[in-house]
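This is what each chain is made of:
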Amino acid sequence: MERKISVSELRKAVEEAYAAVEPISEGAIDPRNLNAAAGQFGISVALTDGTVINKGDTDVKAPMGSIMHLPLHSVLFSQAGVDAIVKKSGKCPACALGKKPKGLAFGAHGIRAFSAVEPTGDPESKWNLYENRMIDMAGSAPELADNVYEKLRDEAAENRTAALLEENGYTLYDKAELSVDLYLKALATGASTEQLARMGATVAADGVNPATGKIVYDGELSQSLVGLMAAKGPHKMNTPWLVKAGIPAKSSFGGTMLGIIPDVLAIAAYSPELNEAGVSVKAARVIMEVARRLDLSVFASARVRIVAD
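Throughout what follows, the structure given in this document is the object of discussion. Computed from a predicted model, the values in this text were never measured in an experiment.

Calculation rules
Residues numbered from 1 in each chain as written. Predicted model: local features only at pLDDT ≥ 70, side-chain atom pairs only at ≥ 80, totals over all residues. Heavy atoms only, no water. Helix = DSSP H or I, 4+ residues; strand = E, 2+ residues; numbered from the N terminus. Rg over C-alpha atoms; globule rule 2.2 N^0.38 Å. Lys, Arg positive; Asp, Glu negative; His and termini not counted. Charge placed at Lys NZ, Arg CZ, Asp CG, Glu CD. Core = buried A, V, L, I, M, F, W, Y, C linked by side-chain atoms within 4.5 Å. Buried < 20%, exposed > 50% of the residue type's maximum accessible area, 1.4 Å probe, protein only. Contact = heavy atoms within 4.5 Å. 1 Å grid on protein atoms, 1.4 Å probe; cavity = no way out; pocket = protein on both sides within 12 Å on 5 of 7 lines; lining within 4 Å. Points joined across faces, edges and corners; volume = space filled by probe spheres on them. Nonpolar A, V, L, I, M, F, W, Y, C, P; charged D, E, K, R; others polar.

## A few points about the overall build of the protein
Logical step 1: Helix and strand counts for the protein come out as 12 helices and 12 strands.
Logical step 2: For the protein, the C-alpha radius of gyration of 19 Å lies close to 19 Å, the compact-globule estimate for 309 residues.
Logical step 3: The dimensions of the protein, computed from C-alpha atoms along their principal axes, are 60 × 40 × 35 Å.
Logical step 4: Treating the 33 positive side-chain charges of the protein as one cloud and the 37 negative ones as another, the clouds have centres 5 Å apart.

## Re the nonpolar core
Logical step 1: M64, M68, L70, F114, Y130 and L184 are the most contacted members of the largest nonpolar core, which totals 60 residues.
Logical step 2: In this structure, I43, I247, L265 and A269 belong to the second largest nonpolar core, which totals 39 residues.

## Observations regarding the environment of D57
Logical step 1: Mapped onto the secondary structure, D57 falls in the loop between β4 (52–56) and β5 (62–63).
Logical step 2: For the pair D57 and F77, spaced 20 residues apart in sequence, the C-alpha separation works out to 33 Å.
Logical step 3: Not counting residues up to four positions away in its chain, the partners in contact with D57 are G39, Q40, F41, G42 and Y270.

## Side note on the layout of surface pockets
Logical step 1: As a volume, the largest pocket reaches approximately 1200 Å³.
Logical step 2: Around the largest pocket, the lining comprises 41 residues; the ones closest to its centre are S66, H69, G107, Y183 and K232.
Logical step 3: Those elements that place two or more of their residues in the lining of the largest pocket are α2 (69–80), α3 (82–89), α4 (108–115), α8 (176–188), α10 (222–232) and β8 (249–251).
Logical step 4: If you tally residues by element for the lining of the largest pocket, the top one is α4, at 5 residues.
Logical step 5: When grouped by side-chain class, the residues that make up the lining of the largest pocket number 19 nonpolar, 13 polar and 9 charged.
Logical step 6: Roughly 200 Å³ of volume is contained in the second largest pocket.
Logical step 7: For the second largest pocket, the full set of lining residues is R153, A156, A157, R160, T161, A162, A163, E177, L178, V180, D181 and L184.
Logical step 8: Broken down by secondary-structure element, the contributors of at least two residues to the lining of the second largest pocket are α6 (146–159), α7 (161–167) and α8.
Logical step 9: A per-element tally of the lining of the second largest pocket places α8 first, with 5 residues.

This is the structure in structure tokens:
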């Protein structure tokens, strides 16, 4: 069973959803998001044929936060395979890895993920692999927010993040200090909604960047990347989000959110004001609005296809 949606219908849904959500004035900007301006709001939709629909502040580069797991795990899955990375992550019944210490200011699993990137002991090469993967997926270079990066580093130093990981025997595959620093750098790297939507469209198109035609990674890995998004989801909102929106998504403390429907599209939205869970109020709402207006869901029985007008 297949259901067709025209590009004009999609564009109309984006326009209407934006208009409905734009007046909302709820939430607060994360104090670590130093470059944000209140009231900024944008949404981008990228299709697997390269078409992009933009509305609002779609060129503002906000910190990627947890969305960085998408390019990071595409590198990890490419290097070692999905099964090996699941075991290294400690997320399997037979895994017996050190438990994360209490009181950490940052995500231990994200730090562990960066520690698993090869080559070991070479932060420059690790970062180059990650950065190049971001560029290949997004089609252009994200931008490191130096002031945000420095703030995160100061917070990690005050929290003794690297020391806590070492003292508690938390399993890492490279030096703690090196891994923490790369993780913080990834959190602070900024991307616009258009870049994020293009990145998501590369995943939706089985590892081929629709805009450039470049094969970025083995297409079989896309299902695992989308599975990762569905399993982890937006910060502290995973289950209610997936049930209500029906679109696997990741969010950032910077106010961005990225959702992906395989073989169809990716949708990214930005607004710096966050709810109590740390998720952008407007970004979450506008993605749900677009999904509702077009009846989009990865759980729907009908396969959706976007067609030209």
